[in-house]
Amino acid sequence: MLYRFIALCWLVWAQALMAAPTADLPREPVLRIETGSHLSAITHISSDAQGRYAVTSSEDKTARLWDLRSGKALSVLRPPLGAENIGALYAVAMSPDGQQIATGGNAAFDGQSHALYLFDRAKASLPPKSTLSGLEAPITELAWSADSQLIAVGLRQTGLRVFQRQLGFIGADPEFNEAIYGAAFARDGRLAVVSLDGAVRLYRFGPQGLERIARKQMPGRPYALAWSPDNQLLAIGMHDSAQVAIVSPHTLEVLYTIELPGAGNLAKVAWSPDGQTLFAGGSLSRQGRFPVFAFAQAGRAAGREVAHFGNIVTSLAVNETGLLASSAQPAWSALDAAGEQRFSVTASMADFRDALDAFRLSADAQQLALPTQMGGKAGVWFDFALGELRLGDAPPQLMPAQVPAGLSDWRNAPAPQWRGRVLPLRQGERSRSAAGLPDGRFVLGTDWFLRSYSAAGALLWEQRTPATVWAANISADGRWAVAALGDGSVRWYRLADGREQLALFIHSDRERWIAWTPSGYYDTSIGGEALVGWHVNRAFNQAADFFSVGRFRERFYAPSVVAKVLQLGDEQQALLAYKTTPLAQKNTAPVAAPLKTTAVKVTEMLPPLVELQSDHSIDSNDAIIPIRYTVRTPDNAPLQDLKIRVNGQLKLGVKQRILRSAAGNVFELEVPVPPKNSEILLIAENKYAKSDPISIQVRRPSTDPGKAAYVEKYDTLYMLVVAVNKYPGKNALELPVKDAKDFQHQLAHIANPPVGRPKLYNKSEVKVLFDQDASLENIRAGLKWLKDNVKAKDAGIFFLAGHGLSDERSYYYVPHRANDIGKKEQWLSGFDIVETLQSLPGRAIFFLDTCHAGALANQAKVVSTINQVEDEKGVIVFASSTAKELSQEKDDWGNGAFTKALIEGLRGEAEDPRDKMVYPTTLKRYVTRRVRELTDNEQRPYISDHGIDDPIAIVVK
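Residues numbered from 1 in each chain as written. Predicted model: local features only at pLDDT ≥ 70, side-chain atom pairs only at ≥ 80, totals over all residues. Heavy atoms only, no water.

Per an unreviewed UniProt entry, the recorded name for the protein is WD40 repeat, and the organism is Giesbergeria anulus.

Here is the structure:
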């Protein structure tokens with residue numbers, strides 16, 4: 001009789017389900033931060049049964065796929081998104097067979113109905129007929145059956161739905177009074193569900209579909225549950241206490257209870273693969289950390305802490321290899337079956353919680369100091385006028401926020417008061433930060449808004465923020481309200497009207513940063529372009545596209561515009577000022593490619609997109625790896641080129657064939673891959689730009705543990721070494737030529753080691769251009785020499801030292817000239833460097849040291865050129881300093897700090913002790929640390945290795 005009731009409810013609900021969405025999907029591209037990890041609370045974590053892959057969902061509107069053997073990110077799943085919290089993902093579950101990923105959350109584009117998305121795990125795509133629309137409430141829980149054939153969907157209201165993996169309807173139970181956050185299938189096919197309404201419900205699947213066979217109220221508010229591997233126990237975590245109830249699935253009676261002292265809960269639970277240990281965690285904290293506890297003897301023994309986070313534990317999941325745990329931090333960890341931690345993946349953003357006085361601002365808002373770790377720690381400061389990020393103490397004139405005396409009960413509170421009167425917030429919203437002016441005006445930062453108030457407490461404006469406002473400040477000139485948000489960004493809002501005009505994101509490595517305007521004009525550090533991109537919705541039932549801002553560099557890279565925004569108070573005024581400023585005032589050198597400021601839509605200049613039709617992660621010992629793909633590109637911009645890189649090296653002559661399919665042409669590549677773990681990159685190009693590289697990870701299963709590791713060796717090492725001391729007059733330098741000679745001497749030793757030592761290079765050829773020989777004509781001839789000679793099994797190195805100059809968009813190296821430094825047309829352009837290095841089919845390495853002191857000091861802004869070199873992630877770059885820092889030199893060093901550290905590293909300080917070789921990754925670590933040590937953090941080299949692990953040197957003292 002109960003099943004008939006459920007089926008009748010389904011008939012009514014099905015009509016809504018089958019109706020097409022009536023709302024319009026937002027079509028305007030949206031700027032989004034992208035760090036390779038989550039920016040907001042991770043809501044769920046899941047994996048396949050074998051423990052090969054993990055998937056996480058987040059309130060940041062993405063789901064992310066991970067390789068559980070390495071912890072590496074594999075791909076990002078992007079359903080369509082909308083304003084405010086539309087697009088937030090509250091649940092995710094991977095099918096036990098690892099083929100599909102179900103995810104969902106708030107998809108109410110029409111204000112009413114929601115959607116379930118079924119992604120293909122291997123392709124990281126949303127196939128046709130894989131979106132289920134019409135769900136009446138946000139999805140809060142997802143669970144797969146053990147055979148991967150059924151998926152249970154828990155809703156915030158209106159109960160439970162169950163579908164086949166092809167989204168065919170099985171059954172529904174609408175009799176729930178509150179949200180479902182816990183659902184789990186037993187291995188025998190039964191389904192258990194808990195809800196905040198206090199009940200646990202048990203279901204089975206018969207000939208007529210879903211049948212509820214039991215229901216019982218629990219002593220508390222159950223939140224999540226887990227079956228023991230033998231199906232004999234149910235562990236139920238409580239939302240309102242630090243308790244876990246162990247329940248019989250036969251009677252639903254509580255057999256015994258786990259309880260820990262303290263405020264908070266143990267809402268999340270999971271059993272170890274052998275069923276001997278119960279894991280639990282939640283909002284229960286210990287000395288500021290949020291632990292995951294392990295209870296041996298099936299939960300009867302005392303708990304021990306096996307992992308912990310900086311915020312509440314949001315999800316636990318188990319597979320054959322062990323336990324996964326996620327947090328609102330956002331972070332997640334993988335543990336083995338015994339509860340020992342294997343690795344953790346943490347956020348790559350600043351944490352502004354409890355920033356307090358560490359968040360300080362200059363009177364004109366152009367300088368700010370901010371922490372990068374919770375509690376106001378690990379401070380940095382930024383200067384927009386100079387476009388520089390600095391470590392250490394900020395200038396003393398930067399001031400912390402002043403909180404008005406009349407504001408009370410505002411810190412982490414739901415009812416802040418102004419002079420005894422409550423300032424109304426939305427339901428569930430809490431105030432987090434505040435700042436005021438001497439005239440009584442103030443701003444209040446909350447979970448969702450930044451609000452401005454008059455001295456009388458009247459609301460002047462409110463602005464929805466992308467994340468929680470953990471810190472706020474107001475510039476002393478009364479023009480800017482500045483907010484530090486939970487997504488790691490800092491935003492500048494005009495105090496007059498609340499309109500956002502500028503944003504800044506600083507990576508947690510405290511080196512990379514990017515600043516951008518609402519229209520997308522940006523300034524950035526070396527390596528910072530990938531930190532922000534454009535999200536482009538396509539359709540309700542299609543995954544969205546994403547393009548990093550670097551794809552639109554020629555249009556939107558505009559440091560001068562960004563610098564003007566805070567001066568003029570308006571993005572459009574800054575653009576107008578750029579248009580009308582004489583070129584001589586804009587740049588040190590004439591503009592090579594003037595910034596186009598005419599209105600244009602990002603969607604009218606899209607680069608191509610490579611879409612894999614085979615797996616992102618491949619386990620194979622084959623020498624040839626087949627890769628299937630398609631390319632999507634605008635109709636007016638056909639594909640011009642496709643590049644294939646393996647471990648960074650350009651591969652030419654790769655075999656390709658066309659396969660016919662119902663969806664159109666599919667291309668198959670036969671890519672040769674060395675016998676080691678490797679990465680294949682595909683980069684497509686049309687008339688607008690290159691695509692973001694698509695990565696395929698190739699893992700070589702171990703077949704012979706005793707076999708020596710494969711080492712990439714090279715036929716010939718080609719070196720082009722260029723340096724100039726003898727610039728005319730006061731532009732002359734002292735150390736570039738000596739640095740270059742010492743570097744070339746060390747590499748000659750490496751290329752020709754003593755008899756009996758292994759060789760990495762069969763031979764070497766060197767072209768040296770010093771002082772008078774380093775003319776523009778000779779340097780161009782040297783670059784051509786590299787292009788003509790470096791083949792697939794060779795390595796090409798370009799070492800460049802001397803003076804560099806830059807304009808708004810381009811970098812130039814100043815070659816030797818007898819009487820003057822010349823002009824732009826007589827300098828080596830960054831384009832020449834980029835084009836040469838990216839065309840080398842062998843290993844390509846670029847050493848750049850052109851930020852020397854002197855009359856031309858501080859002019860060489862190499863950001864754009866190096867970011868172009870890095871577009872394809874195929875060139876290893878060593879730059880002496882970032883942004884506008886100078887390369888430091890001392891007589892007792894004998895070299896500049898950068899070259900000194902390089903040579904020390906190549907002589908053995910950067911060796912890998914396992915094989916006495918120097919790798920890009922080990923050299924990066926040593927040179928970075930050593931240069932900072934030598935210069936007291938005044939000089940910070942930039943080194944990109946892209947994770948390439950082929951050795952570049954055998955240690956020769």
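From this point, the narrative continues.
*Asks:* With reference to specific residues and values, describe the overall build of the protein.
*Replies:* A tally of helices and strands in the protein yields 12 helices and 70 strands. Each principal axis of the C-alpha atoms in the protein carries an extent, and together these give about 95 × 75 × 55 Å. When contacts within the protein are restricted to residue pairs at least 6 apart in sequence, those whose partners lie at least 24 apart make up 56%. For the protein, the computed accessible surface area is about 36900 Å², with 49% contributed by carbon and sulfur atoms. Positive and negative side-chain charges of the protein, numbering 105 and 102 respectively, have mean locations separated by a distance of 2 Å. (Helix = DSSP H or I, 4+ residues; strand = E, 2+ residues; numbered from the N terminus. Contact = heavy atoms within 4.5 Å. Areas by Shrake-Rupley, 256 points an atom, 1.4 Å probe, with all protein chains shown as cover. Lys, Arg positive; Asp, Glu negative; His and termini not counted. Charge placed at Lys NZ, Arg CZ, Asp CG, Glu CD.)

*Asks:* Please set out the side chain of Thr517 residue by residue, giving values where relevant.
*Replies:* Positionally, Thr517 belongs in the loop between strand 46 (513–516) and strand 47 (522–524). Setting aside anything within four residues of it in sequence, one finds Thr517 in contact with Leu31, Gln501, Leu502, Val562, Val565 and Glu571.

*Asks:* Which residues make up the sheet that holds strand 24 (residues 290–295), and what values go with them?
*Replies:* By way of backbone hydrogen bonds, the strands of a sheet pair with one another, either parallel or antiparallel. Strands sit in the order 22-23-24-25 across an open sheet of 4 strands; the sheet is antiparallel. Two strands lie at the open edges of the sheet, namely strand 22 (268–271) and strand 25 (303–309), each paired on one side alone. The average angle at which neighbouring strand axes cross in this sheet is 20°, direction not considered. Both strand 24 and strand 25 contribute to a ladder of 6 bridges, which runs antiparallel. The residue bridging Pro291 from the neighbouring strand is His308, located in strand 25. (Pairing = 2+ DSSP bridges. Axes fitted to C-alpha atoms, helices over the stretch in contact; angles between N-to-C directions.)

*Asks:* Requested: an account of the UniProt feature "repeat: WD" (unreviewed entry) in the protein, with residues and values cited.
*Replies:* Listed under "repeat: WD" (unreviewed entry) in the UniProt record, and renumbered for this structure, are residues 35–76. The distance separating the terminal C-alpha atoms of residues 35–76 is 11 Å; by composition the span is 0% helix and 50% strand. (UniProt positions renumbered as here; feature names shortened; annotations may be inferred.)

*Asks:* Which residues make up helix 8 (residues 776–789), and what are the values?
*Replies:* With 14 residues, helix 8 ought to run about 20 Å at 1.5 Å a step, and its terminal C-alpha atoms sit 20 Å apart, in line with that. Restricting attention to buried positions, one finds in helix 8 the residues Leu776, Ile779, Gly782, Leu783, Trp785 and Leu786. On its buried face, helix 8 sits against strand 59 (714–723), strand 60 (761–770), strand 61 (795–801), strand 63 (811–813), strand 64 (828–829) and helix 9 (830–839). (Expected span 1.5 Å × (residues − 1). Buried < 20%, exposed > 50% of the residue type's maximum accessible area, 1.4 Å probe, protein only.)

*Asks:* Outline helix 11 (residues 897–909), supporting the account with residue identities and numerical values.
*Replies:* The first and last C-alpha atoms of helix 11 sit only 15 Å apart over 13 residues, clearly below the 18 Å expected at 1.5 Å per residue. Within helix 11, 11 of the 13 residues are buried, leaving the element largely enclosed by the surrounding structure.

*Asks:* Quick rundown of the environment of Gly648? Include the residues and the values.
*Replies:* Tracing the sequence through the fold places Gly648 in the loop between strand 53 (641–646) and strand 54 (649–651). Using a relative accessible area of 5% as the deciding quantity, one classes Gly648 as buried. Sequence spacing of Gly648 and Val194 is 454 residues, and the spatial spacing of their C-alpha atoms is 49 Å. When near neighbours in sequence (up to four residues on either side) are disregarded, Gly648 contacts Arg843, Lys873, Gly874 and Ile948.

*Asks:* Before we move on, could you go through the packing of helix 7 (residues 736–751) against helix 11 and cite the residues and values that matter?
*Replies:* Packing of helix 7 against helix 11 leaves a shortest axis separation of 10 Å and a crossing angle of 10°. Comparing the axis directions of helix 7 and helix 11 gives the class roughly parallel. For the pair formed by helix 7 and helix 11, the contact residues are Asp739, Asp742, Phe743, Gln746, Leu747 and Ile750 on the first element and Thr899, Leu902, Ile903, Leu906 and Arg907 on the second. Residues of the contact of helix 7 with helix 11, tallied by class, amount to 6 nonpolar, 2 polar and 3 charged. (Parallel < 35°, antiparallel > 145°, perpendicular 65-115°, else oblique. Nonpolar A, V, L, I, M, F, W, Y, C, P; charged D, E, K, R; others polar.)

*Asks:* Explain the nonpolar core to me, and be specific about the residues and the numbers.
*Replies:* In terms of nonpolar packing, the biggest core is built from 95 residues, with Trp492 and Phe798 touching the most fellow members. Mapping this core onto the domain boundaries places at least three of its residues in each of domain 3 (360–579) and domain 5 (714–954). Not counting residues up to four positions away in its chain, the partners in contact with Phe798 are Leu720, Val722, Leu783, Leu786, Ile833, Leu837, Ile845, Phe846 and Phe847. Judged by nonpolar contacts, the second largest core, of 40 residues, contains Met719, Phe743, Tyr761 and Ala801. (Core = buried A, V, L, I, M, F, W, Y, C linked by side-chain atoms within 4.5 Å. Domains from an automatic or database assignment.)

*Asks:* For the sheet that holds strand 34 (residues 399–400), give the residues involved together with the corresponding values.
*Replies:* If you walk across this open sheet you meet the 5 strands as 33-32-31-30-34, and the pairing is antiparallel. Taken across any chain shown, the strands that pair with only one partner, and hence form the sheet edges, are strand 33 (388–391) and strand 34. As judged from the 4 bridges shared by strand 32 (residues 380–383) and strand 33, these two strands associate in the antiparallel manner. Residue Val380 lies in a different strand from strand 33, and its bridge partner there is Leu391.

*Asks:* Can you explain the packing of aromatic side chains? Please cite residues and give values.
*Replies:* Enumeration according to the criterion identifies 25 aromatic pairs in this entry. Above the face of the Phe176 ring, Arg201 is positioned so that its terminal group lies 3.7 Å from the ring centre. The ring centre of Trp785 lies 5.5 Å from the NZ or CZ of Lys767, which sits over that ring. (Phe/Tyr/Trp six-rings, centres within 6.5 Å; stacked < 30°, edge-to-face > 60°. Lys NZ or Arg CZ within 6 Å of the ring centre and 35° of its normal.)

*Asks:* Before we move on, could you go through the domain arrangement of the protein and cite the residues and values that matter?
*Replies:* Taken as a whole, the protein is organised into domain 1 (40–217), domain 2 (218–346), domain 3 (360–579), domain 4 (606–699) and domain 5 (714–954). Just the C-alpha atoms count here: the centres of domain 1 and domain 4 sit 31 Å apart. The interface of domain 1 with domain 4 comprises 10 residues on the first partner and 9 residues on the second. Surface buried jointly by domain 1 and domain 4 totals about 850 Å² across both partners, of which 43% is contributed by carbon and sulfur atoms. In terms of surface lost to domain 4, no three residues of domain 1 exceed Arg69, Leu74 and Lys123, which account for 58% of the buried area on that side. Applying the counting rule to domain 1 against domain 4 returns 2 salt bridges. The partner of Asp619 in a salt bridge is Arg69, and the shortest N-O contact between them spans 2.5 Å. Across the domain 1-domain 4 interface, the total number found is 3 residue pairs in polar contact (both at pLDDT 80 or more). Across the side of domain 1 that touches domain 4, the residue classes break down as 4 nonpolar, 1 polar and 5 charged. (Buried area = accessible area lost by both parts, 1.4 Å probe. Salt bridge = Lys/Arg side-chain N within 4 Å of Asp/Glu carboxyl O. Polar contact = N/O pair within 3.5 Å; in protein donor to acceptor, adjacent residues only side chain to side chain.)

*Asks:* For the packing of helix 4 (residues 559–568) against helix 5 (residues 571–580), give the residues involved together with the corresponding values.
*Replies:* Between helix 4 and helix 5, whose axes approach to 8 Å, the crossing angle comes to 125°. When the axes of helix 4 and helix 5 are compared, the pair comes out oblique. Regarding helix 4 and helix 5, the two cross each other, and that crossing is right-handed. Note on element contacts: helix 5 touches helix 4 through Glu571, Gln573, Ala574, Leu575, Ala577 and Tyr578, opposite Ser560, Val561, Lys564, Val565 and Leu568. Here the contact of helix 4 with helix 5 is composed, by residue class, of 7 nonpolar, 2 polar and 2 charged. (Left-handed = near helix turned anticlockwise from the far one by under 90°.)

*Asks:* Give a detailed account of unusual backbone geometry, specifying residues and quantitative values.
*Replies:* Note that the residue after Gln329, namely Pro330, is joined by a cis bond; omega there is 0°. Tracing the backbone through its elements, the reader meets Pro330 in the loop between strand 27 (322–327) and strand 28 (331–336). A positive phi is found at Lys129, a non-glycine position, where the angle reads about 60°. In this structure, Lys129 sits in the loop between strand 8 (114–120) and strand 9 (131–135). For Asn647, which is not glycine, the phi dihedral falls at a positive 50°. Within the fold, Asn647 resides in the loop between strand 53 and strand 54. Asn647 sits in the buried class, given a relative accessible area of 9%.

*Asks:* Go over the pairing of strand 24 with me, naming the residues and quoting the values.
*Replies:* With 6 of 6 residues buried, strand 24 is to be regarded as a mostly interior element. Here strand 24 shows two buried faces, one formed by Phe290, Val292 and Ala294 and the other by Pro291, Phe293 and Phe295. Pairing geometry for strand 23 (residues 278–281) and strand 24, over 4 bridges, is antiparallel. Residue pairing across strands places Gly281 opposite Val292, the latter belonging to strand 24.

*Asks:* An account of the environment of Met719 is needed here, citing residue identities and associated values.
*Replies:* Along the chain, Met719 falls in strand 59. Once residues lying within four places of it in the same chain are set aside, the contact partners of Met719 are Leu747, Ala748, Glu765, Val766, Lys767, Trp785 and Ile797.

*Asks:* Provide a residue-level description of a negative patch on the surface, including the pertinent values.
*Replies:* A cluster of acidic residues, Glu734, Glu889, Asp891 and Asp892, forms a negative patch at the surface. Turning to its location among the elements, Asp891 is positioned in the loop between strand 66 (875–879) and helix 11. (Patch = residues over 30% accessible without salt bridge, like charges linked within 9 Å, V, L, I, M, F, W, Y side chains within 5 Å.)

*Asks:* Quick rundown of the confidence of the model for the protein? Include the residues and the values.
*Replies:* Per-chain confidence: the protein averages 90 in pLDDT, with 93% of residues scoring 70 or above. Contacts for the low-pLDDT stretch residues 583–593, under 50 throughout, to residues beyond four places or in other chains number 23 contacts. (pLDDT = per-residue confidence, 0-100.)

*Asks:* Go over the pattern of salt bridges, please, and point to the residues and values.
*Replies:* In total, this model carries 55 salt bridges according to the counting rule given. With a closest N to O distance of 3.4 Å, Glu84 and Arg464 form a salt bridge. Pair noted here: Glu84 is in the loop between strand 5 (73–77) and strand 6 (89–94) and Arg464 is in strand 41 (residues 459–464), with a separation of 380 residues, a long-range link. Residues Glu904 and Arg930 are paired through a salt bridge, measuring 2.9 Å at the closest nitrogen-oxygen approach. Taken together, the residues span a long stretch of sequence, with Glu904 in helix 11 and Arg930 in helix 12 (residues 920–935) at a distance of 26 residues. The burial state of Glu904 is the same as that of Arg930; both residues are buried.

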